[in-house]
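Architecture and fold: a report
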Amino acid sequence: MDCANNQAVVSWLASQGATWYSASAYSSKGNSTCQRSSALTCTLANITCGANYSVQVVAGDNKNCSSLPSQAATFNSGPCSPTNVIASLDCMSNIATVTWQDTNGAEYYTATMTTGSNQSYPCMSPSSQCSFPDLACGLLYSVSVSASNSQCNSSTTVGASLQSGPCIPTGVSVVMDCANNQAVVSWLASQGATWYSASAYSSKGNSTCQRSSALTCTLANITCGANYSVQVVAGDNKNCSSLPSQAATFNSGPCSPTNVIASLDCMSNIATVTWQDTNGAEYYTATMTTGSNQSYPCMSPSSRCSFPDLACGLLYSVSVSASNSQCNSSTTVGASLQSVPCIPTGVSVVMDCANNQAVVSWLASQGATWYSASAYSSKGNSTCQRSSALTCTLANITCGANYSVQVVAGDNKNCSSLPSQAATFNSGPCSPTNVIASLDCMSNIATVTWQDTNGAEYYTATMTTGSNQSYPCMSPSSRCSFPDLACGLLYSVSVSASNSQCNSSTTVGASLQSVPCIPTGVSVVMDCANNQAVVSWLASQGATWYSASAYSSKGNSTCQRSSALTCTLANITCGANYSVQVVAGDNKNCSSLPSQAATFNSGPCSPTNVIASLDCMSNIATVTWQDTNGAEYYTATMTTGSNQSYPCMSPSSRCSFPDLACGLLYSVSVSASNSQCNSSTTVGASLQSVPCIPTGVSVVMDCANNQAVVSWLASQGATWYSASAYSSKGNSTCQRSSALTCTLANITCGANYSVQVVAGDNKNCSSLPSQAATFNSGPCSPTNVIASLDCMSNIATVTWQDTNGAEYYTATMTTGSNQSYPCMSPSSQCSFPDLACGLLYSVSVSASNSQCNSSTTVGASLQSVPCIPTGVSVVMDCANNQAVVSWLASQGATWYSASAYSSKGNSTCQRSSALTCTLANITCGANYSVQVVAGDNKNCSSLPSQAATFNSGPCSPTNVIASLDCMSNIATVTWQDTNGAEYYTATMTTGSNQSYPCMSPSSRCSFPDLACGLLYSVSVSASNSQCNSSTTVGASLQSVPCIPTGVSVVMDCANNQAVVSWLASQGATWYSASAYSSKGNSTCQRSSALTCTLANITCGANYSVQVVAGDNKNCSSLPSQAATFNSGPCSPTNVIASLDCMSNIATVTWQDTNGAEYYTATMTTGSNQSYPCMSPSSRCSFPDLACGLLYSVSVSASNSQCNSSTTVGASLQSGDHAHPPPTPPSNPVLEFGM
């Protein structure tokens, strides 16, 4: 079939005996015939579209005899172009449907919708319509249809254009306008839309905005308490609207609460507010407000709220509002509520004891209109009736009861407060009964008893004298004792009961006479002359008789009973101790206790055998005698010739006189005494006292003559004196003499003497030695004086031999300018720690005590230590690794030496008289301390000078290593820490001498932003405040290769490969490309080429390709930006061909394959005539198969990149005709041109 020219070319094989041929094509649409010709081919013109032709060839000869027609060969002409192309749109689903008039000869149709940007969407269909379910919204499409069969495609018929449905609105948001009960909806513009409409839906009703081109609208009349769902529809001028937008939801404001009721629990004063639940409320706020506008809100998720702590006695207004997360409802006001009256306070009770009533009062309670007070007791209760007054009187109070009083406040609504805090009171007690009084004569204690009475906290028993002097006794029990009754009186007895409120009336009992009073004023006068005692006393109240008695170990004496107030006790024995007592009695034979005893002693007996003796050593005289009865003490008396008496009172039979005046003659006498009488005096022999101890002893040392002169004052009673001096070095004594002075000779140097003087008399009794007078003899002169010097400390020490008698020594060092430095010392050495440095001193020592100084001993002279050098300074010579030290001159020095010390080693200058030196071989990285020493010719050197410190230059870093983190392209340079470095400077330098320094206090530095693909040289130096070290160069470092760019992929469908190419990357020596997909990966091996071929590409996969650049150190760049490609589709599988015998239509199906955009099924005859069918799905129909042929079936898949290999399915035999035609010429062939 020659589709382009609408012709069919027929060919056949030569027939034996034929000279001409004629071919004819027959169809229901018309026939076409070739004229007779000897050729074996001819062209049939004017082939009608859409017809099924049957072609037969007739062979003839020159005799006009022709064969039967050949077996018919059939073909279909090209299909006719579709007509009546109509495109329609289902606005709801945005599915476009294109329809057309079926056309003859068409096996399938291709409808195409094309956007203004020439993006086409084809739809292949065997019928007269095609649907486009996934149109892009809001676009204008042009529509065209063409018909096809296995031979030809018709010309394309263009229909009217079609506008797709507007896009669904997006970005829908709702803001609730609570104040106006409206919701404001907004959205983004939708492509293809000319109007919009928004609607809100809820179970309570809907609200809609009219159509408008605006991108916002206000939904009015929003119902309270509803949950709304808002959707926006976009429409166009053809009344086609989008699907509703994604719903945006919002809640309207809650409805106002209804049926607000407030109730009060009077007992607890808890108010409860309830209301009807309202739609849309998430929570409620009930508020109780006082008259002063003080509000108490209560928030609740339910329809009730409790107010447990209402202020009492106030009128509250009640309101409730509902709320949700959007809005608050309007407030619903309920009835007002009066809180419980306040509990009365200030309750007090005053007991009216006289009228047996209690008066209760209290403070006014807020909210109260009446009050009631009640008193409660176990004996009975009493209540005041309700009244608005703030006081009331409780009558008929029972005696002896404990009452508790409470007040209740109430209001007109019969709601009352809790009872007030109880005020308690006690009623007055009942009067006591059975009052009895009794007396114990021995103790004079009266006891009053009575019967207990109710309500009494205590009782008061009272005993009253005739003069109305009362003696009360308070008792918590039913008895009282009166231990201290006034004696000798007649008492009346009464008892009353009391509590804290009242006293009962008094009950009177019988009267009571108290015991006669104990006699007082008892006195005894001893009549020593008559050996009698006269007793007297004062009258006792209540007494009618008295009796007195005296008692002693030597005998007793008594006066008989009498009303008299005196009596005389006879026959008193000397030397006895008497006790006298008086008793008073009355007519009832009740007597007083004996009076307080009055004691007296009878006169003592006279002493006997009086003896006096003297102890010369102590000058104590002792007088003794024989003890005598009745003596309480004795008086011994020593009397001088001038009648000066010295008495000594003693309770024993001896008396000592330790402090007799010395040197006197005493007479001696003794008498006995007691408190009543003295005995007669007994006289003994006289006594001479010891001479007085010498006084005023003084000593004067005669240092020049080595003597001591002693003197003293005269001593009374002395006839001679003797003086002696004592020391460890020897003694010295003057012989006895009546003189008052003497000279002690041969006094030894360095001795401590004690001098005493003794006075004596003719009876060879001497005084004690006088108080010692001490003196020191002059000290001896020091010997062996030596001066030495401690060069290290510059301390001079002077030593000498200790000398006797020295209390201290004075060593003196004197400079050449006669400036002396004395040192006083109690020992045999003296130190001079603060000698001026560098001077020559002379040395001398003397000894001293408080009396004399020794002569001075001179020692050798002494040179002091050279002065410590000062002004030491150091300058570091970094270039020559030396330090130059300088200092000022030191007094006394003849040479100097400087030294530098460090943990790394020392450096010293040799001794020299110069004031500067150079320290060589200074070690790097060390902290040096420099000191200078000054010395003299005696090899004595000063202390080192104050240290001057300096730091040497730092050592050069070692082990410099540069490493690269390939992933981050961060270079890290490390090195070995070096001594003396305060910081380091690492530097990376490119080949173009561009340097990047990094300063660090540690042994590493990072370079985070290296340029890719460059070779850097690496160096490190150390620094401190003095010097910089030399630079250490490490190995060079290659930065990460640059990421490859310009990656592109070309698919090699024939070989199932992908060729990747890219641009060169700086620093790269190799590249590797990889393709990734969910079906598997493919990688090129490393290579320096800028292209590679990815083999074994899996069919039907979407690949992402990235290239990595690497270098010789196995460091690679990050992967390049991904380039994507699709591999060729996989070959179809499960190819099945079936035949509908009735229609002779073959259907080929297959399994969908990955990566296929469309499929081509082909049926091929045994003569290799092929009939292709293209389909986007997994089936194809072949409606006009030539009859009676065996077809091979194959399917291939295609996409924009490649075609898959062809899958061959089972072959298919087409159907036979009912009546076979005559035998045709053999092997006619139809050639179909496309």
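Residues numbered from 1 in each chain as written. Predicted model: local features only at pLDDT ≥ 70, side-chain atom pairs only at ≥ 80, totals over all residues. Heavy atoms only, no water.

Thoughts on the overall build of the protein
A tally of regular secondary structure across the protein gives zero helices and 102 strands. For the protein, whose C-alpha radius of gyration is 75 Å, the value lies well above the compact-globule estimate of 33 Å for 1234 residues. When each of the 1234 residues of the protein is scored for burial, the buried share is 43%. Partitioning the contacts of the protein with sequence separation of at least 6, the portion at a separation of at least 24 is 60%. Summed over its atoms, the accessible surface of the protein is roughly 60,000 Å², and 49% of this surface lies on carbon and sulfur atoms. A distance of 5 Å separates the average location of the 26 positive side-chain charges in the protein from that of its 44 negative side-chain charges. (Helix = DSSP H or I, 4+ residues; strand = E, 2+ residues; numbered from the N terminus. Rg over C-alpha atoms; globule rule 2.2 N^0.38 Å. Buried < 20%, exposed > 50% of the residue type's maximum accessible area, 1.4 Å probe, protein only. Contact = heavy atoms within 4.5 Å. Areas by Shrake-Rupley, 256 points an atom, 1.4 Å probe, with all protein chains shown as cover. Lys, Arg positive; Asp, Glu negative; His and termini not counted. Charge placed at Lys NZ, Arg CZ, Asp CG, Glu CD.)

Observations concerning the sheet that holds strand β91 (residues 1091-1094)
Strand order in this open sheet of three strands is β87-β88-β91, and the pairing throughout is antiparallel. Either end of the sheet is taken by a strand with one partner, and the two such strands are β87 (1048-1052) and β91. Between one strand axis and the next, the sheet turns by 20 degrees as a mean value, whatever way the strands run. (Pairing = 2+ DSSP bridges. Axes fitted to C-alpha atoms, helices over the stretch in contact; angles between N-to-C directions.)

Quick word on a nonpolar patch on the surface
Judged by side-chain polarity, Met267, Ile343 and Leu418 come together as a nonpolar surface patch covering roughly 300 Å² of accessible area. Residue class for Leu418 comes out partly exposed when judged on its relative accessible area of 40%. (Patch = residues over 30% accessible without salt bridge, like charges linked within 9 Å, V, L, I, M, F, W, Y side chains within 5 Å. Salt bridge = Lys/Arg side-chain N within 4 Å of Asp/Glu carboxyl O.)

Some words on the packing of aromatic side chains
Here the distance between the centres and the angle between the planes together describe a pair of aromatic rings. This model, assessed by the stated rule, comprises 28 aromatic pairs. Plain terms: the ring middles of Trp625 and Tyr634 are 5.3 Å apart, the flat faces sit at 55 degrees to each other, and that makes the pair tilted. On the basis of relative accessible area, Trp625 is assigned to the buried category, the value being 5%. The ring of Trp20 carries Arg36 above its face, with NZ or CZ at 3.7 Å from the centroid. The side chain of Arg736 reaches across the aromatic face of Trp720, ending 3.7 Å from its centre. (Phe/Tyr/Trp six-rings, centres within 6.5 Å; stacked < 30°, edge-to-face > 60°. Lys NZ or Arg CZ within 6 Å of the ring centre and 35° of its normal.)

Some thoughts on the sheet that holds strand β62 (residues 752-760)
Spatial strand order, β60-β59-β62-β63: four strands in an open sheet with antiparallel pairing. Two strands lie at the open edges of the sheet, namely β60 (732-733) and β63 (773-776), each paired on one side alone. Examined bridge by bridge, strand β59 (residues 720-726) and β62 share seven bridges and lie antiparallel to one another. Bridge pairing in β62 places Ala723 opposite Val757.

As for unusual backbone geometry
Unlike most non-glycine residues, Asn356 shows phi in positive territory, near 55 degrees. With respect to the element layout, Asn356 can be found in the loop between β28 (348-352) and β29 (357-361). Look at Asn356 and you get partly exposed, because its relative accessible area is 31%. Positive phi is not limited to glycine here, since Asn939 has a value of about 60 degrees. Structurally, Asn939 can be placed in the loop between β77 (927-935) and β78 (948-951). Given the relative accessible area of 54%, Asn939 is considered exposed.

Comments concerning the pairing of strand β89 (residues 1070-1076)
Counting buried positions over the seven residues of β89 gives six, a clear majority of the element. As paired elements, β89 and strand β92 (residues 1102-1110) share seven bridges and run antiparallel to each other. Paired with Ala1075 across the strands is Val1105, a residue of β92. In terms of strand pairing, β89 meets strand β90 (residues 1082-1083) through two bridges, oriented antiparallel. For Ala1075, the partnering residue across the bridge sits in β90 and is Ser1082. Connecting the antiparallel pair β89 and β90 is a turn made up of five residues, with Gly1080 showing a positive phi of about 140 degrees.

Here we look at the side chain of Ser1072
Relative to the assigned elements, Ser1072 resides in strand β89. By relative accessible area, which is 14% here, Ser1072 ends up buried. Within polar-contact distance, the side chain of Ser1072 engages the backbone oxygen of Cys1084 at 3.1 Å. Contacts of Ser1072, omitting those with residues within four sequence positions, involve Thr1083, Cys1084, Arg1086, Gln1106, Val1107 and Val1108. (Polar contact = N/O pair within 3.5 Å; in protein donor to acceptor, adjacent residues only side chain to side chain.)

Quick notes on the environment of Tyr201
Mapped onto the elements of the fold, Tyr201 is located in strand β16 (residues 195-201). Among the residues examined, Tyr201 registers a relative accessible area of 40% and is labelled partly exposed. Taking the C-alpha atoms as reference points, Tyr201 and Gln231, separated by 30 residues in sequence, lie 8.5 Å from one another.

A few points about the environment of Leu489
The residue Leu489 is located in the loop between β39 (479-482) and β40 (490-498) in this model. The class for Leu489 is buried, based on a relative accessible area of 18%. Along the sequence, Leu489 and Gly466 sit 23 residues apart, while their C-alpha atoms lie 7.9 Å from each other. Residue contacts for Leu489: discarding those within four places in its chain leaves Thr465, Leu512, Gln513, Ser514 and Gln541.

Let's talk about the confidence of the model for the protein
In the predicted model, the protein carries a mean pLDDT of 88, and 98% of its residues have values of at least 70. Of the regions scoring below 50 in pLDDT, residues 1217-1234 engages in 52 contacts with residues more than four places distant in sequence or in other chains. (pLDDT = per-residue confidence, 0-100.)

Describing the pairing of strand β58 (residues 707-711)
Of the two faces of β58, only one is covered, namely that formed by Ala708 and Val710; the face formed by Gln707, Val709 and Ser711 stays uncovered. Turn length for the strand β57 (residues 698-702)-β58 hairpin, with the two strands adjacent in sequence and antiparallel, is four residues, and the turn residue Asn706 shows positive phi of about 60 degrees. Pairing of β58 with strand β61 (residues 741-744), which is carried by four bridges, proceeds in the antiparallel orientation. From the neighbouring strand, Ala708 faces β61, where its bridge partner is Leu744.

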